[in-house]
Amino acid sequence: MRLIRACDYDDMSRKAANALSAQVILKPNSVLGLATGSTPLGMYRQLIEWYEKGDIDFSEVTTVNLDEYIGLAPDHPQSYRRFMDDNFFRHINIKPENTHVPNGLEADEFKESARYEALIYSCGGIDMQLLGIGHNGHIGFNEPGAAFEKNTHRVPLTEATINANKRFFPDGDVPREAYSMGIRSIMQARRILVIVSGKGKAEIVKQAFFGAVTPHVPASVLQLHNNVTLVGDEEALSLYD
Ligand code: F6R
């Protein structure tokens, strides 16, 4: 694993944006696996800024996102499709038809899972997969205990996640399930870029990258991948050495 140390969130965002833009500059038709959440926001802002300056071109890039809530329409304010459109895609020159997020409105889980895997395959596989890590070590929506050999699949959300999400759904209609790339889909990416920031992530970073490889800490599986770059700020890496 390659470790890139950053001093704070902004520095982490810049360094991660550098890694992602190097990928796109070296291979303009890259397939990028993308993530939502708070950690990548600064990185997306940085990439938008470099795009506006003319330093990076997304016209040939394809993206596949990790996950989406089941039951949410693409334009729902809390859908991951909407998050990606608002925070990244509509600010750059990526072709909308080249951006992919699981279809939260597809009720047939087997159909949607197979469609998404076939899509990744038909794009030629993921060149670089971006990942954040949950406090419990989840990657995508693969929670502790998730089988390492799963491809894209339907995931029942944990009670903790459902409760944490309640504040975003004033009508009380909180999603209870999601589609997520599985650990196997993630591990098939050629490169993996993990970003972590803040004290709150220090303990899980230590467990994931220094502890045993176990389904109890899903991110620990990344120790078995041969091309992982971890970009973390001082706080997130504070228990690392
Ligand atoms: C996001 C995703 C999640 C997040 C993780 C960290 O698409 O799949 O696994 O990467 O929950 O979230 P933040 O960055 O908000 O700490």
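Each remark here, short or long, concerns the structure printed above.
Report on the accompanying structure. Here the structure is a predicted model, which is why all the values come from computation and not from measurement.

Brief notes about the side chain of Ser220
Positionally, Ser220 belongs in the loop between helix H7 (202-210) and strand E10 (228-233). By relative accessible area, which is 0% here, Ser220 ends up buried. One polar contact links the side chain of Ser220 to the main-chain carbonyl oxygen of Val217, over a distance of 2.6 Å. For Ser220, the residues in contact, after removing those within four places along its chain, are Ala208, Ala212, Val213 and Thr214.

A closer look at the packing of helix H2 (residues 41-52) against helix H3 (residues 80-87)
For the pair H2 and H3, the least separation of the axes is 10 Å and the interaxial angle reads 40°. The angle between the axes of H2 and H3 places the two elements in the oblique class. Contacts from Leu41, Tyr44 and Ile48 in H2 reach Phe83, Met84 and Asn87 in H3. Looking at side-chain class alone, the contact of H2 with H3 contains five nonpolar, one polar and no charged residues.

Notes on the packing of aromatic side chains
A complete count under the given rule lists seven aromatic pairs for this structure. Taking 5.6 Å as the distance between ring centres and 85° as the angle between the ring planes, the aromatic pair formed by Phe58 and Phe88 counts as edge-to-face. Of this pair, Phe58 sits in the loop between H2 and strand E3 (62-65) while Phe88 sits in the loop between H3 and strand E5 (99-100), placing them 30 residues apart in sequence. By the burial criterion, Phe58 is buried, and Phe88 matches it. Aromatic pair Tyr69 and Tyr80: ring centres 4.9 Å apart, planes at 50°, arrangement tilted. On the criterion of sequence distance, the pair formed by Tyr69 in strand E4 (residues 67-69) and Tyr80 in helix H3 is long-range, its members being eleven residues apart. Across the pair, exposure class does not vary: Tyr69 and Tyr80 are buried alike. Each member of the aromatic cluster is reached from another via a ring pair, and the members are Tyr44, Phe58, Phe88 and Phe89.

Digging into the site of the ligand
Neighbouring the ligand are 13 residues, the closest being Thr39, Asp67, His138, Gly140 and Lys201. At 2.8 Å from an oxygen atom of the ligand is found a main-chain nitrogen or oxygen belonging to Gly140. Between Lys201 and the ligand, the recorded distance is 2.7 Å, taken from a side-chain N or O atom to an oxygen atom. For the ligand, the protein covers 85% of the area, taking 410 Å² as the surface of the free molecule.

Details of the packing of helix H1 (residues 9-26) against H2
Running from N to C, H1 and H2 cross one another at 55°; their axes reach a closest spacing of 8 Å. Here H2 runs oblique to H1, going by the angle between their axes. Along this stretch, H1 crosses H2, giving a crossing that reads as right-handed. Where H1 abuts H2, its residues Tyr9, Ser13, Arg14, Ala16, Ala17, Asn18, Leu20 and Ser21 lie against Leu41, Gly42, Met43, Arg45, Gln46, Leu47 and Trp50.

Quick notes on the nonpolar core
Membership of the largest hydrophobic core comes to 58 residues, with the highest contact counts inside it found for Leu47, Phe88, Ile139, Phe209 and Leu222. The contacts of Ile139, once residues within four sequence positions are left out, are Leu131, Gly132, Ile133, Ile183, Ile186, Pro218, Ala219, Val221 and Leu222. Grouped together as the second largest cluster of nonpolar side chains are ten residues, Tyr80, Phe141, Phe169 and Ala178 included.

Points about the pairing of strand E9 (residues 191-196)
Extensive coverage of E9 is indicated by the burial of five of its six residues. Bridging between strand E6 (residues 128-131) and E9 involves four bridges; their strand directions are parallel. Looking across to E9, one finds that Leu130 is bridged to Leu193. By the bridge criterion, five bridges tie E9 to E10 in an arrangement that is parallel.

What to know about the sheet that holds strand E8 (residues 177-180)
Taken in spatial order, the three strands line up as E4-E8-E7 in an open sheet, and their pairing is antiparallel. The sheet terminates laterally at E4 and strand E7 (153-156), the two strands that pair on one side only. The mean angle between the axes of side-by-side strands here comes to 25°, regardless of whether they run parallel or antiparallel. Bridge count between E7 and E8: four bridges; the pairing is antiparallel. Pairing of Val155 across the sheet is with Ala178, part of E8.

Rules used throughout
Residues numbered from 1 in each chain as written. Predicted model: local features only at pLDDT ≥ 70, side-chain atom pairs only at ≥ 80, totals over all residues. Heavy atoms only, no water. Helix = DSSP H or I, 4+ residues; strand = E, 2+ residues; numbered from the N terminus. Buried < 20%, exposed > 50% of the residue type's maximum accessible area, 1.4 Å probe, protein only. Polar contact = N/O pair within 3.5 Å; in protein donor to acceptor, adjacent residues only side chain to side chain. Contact = heavy atoms within 4.5 Å. Axes fitted to C-alpha atoms, helices over the stretch in contact; angles between N-to-C directions. Parallel < 35°, antiparallel > 145°, perpendicular 65-115°, else oblique. Nonpolar A, V, L, I, M, F, W, Y, C, P; charged D, E, K, R; others polar. Phe/Tyr/Trp six-rings, centres within 6.5 Å; stacked < 30°, edge-to-face > 60°. Near = heavy atom within 4 Å. Areas by Shrake-Rupley, 256 points an atom, 1.4 Å probe, with all protein chains shown as cover. Left-handed = near helix turned anticlockwise from the far one by under 90°. Core = buried A, V, L, I, M, F, W, Y, C linked by side-chain atoms within 4.5 Å. Pairing = 2+ DSSP bridges.

Bear in mind that shape data such as this cannot, by itself, settle questions of function.
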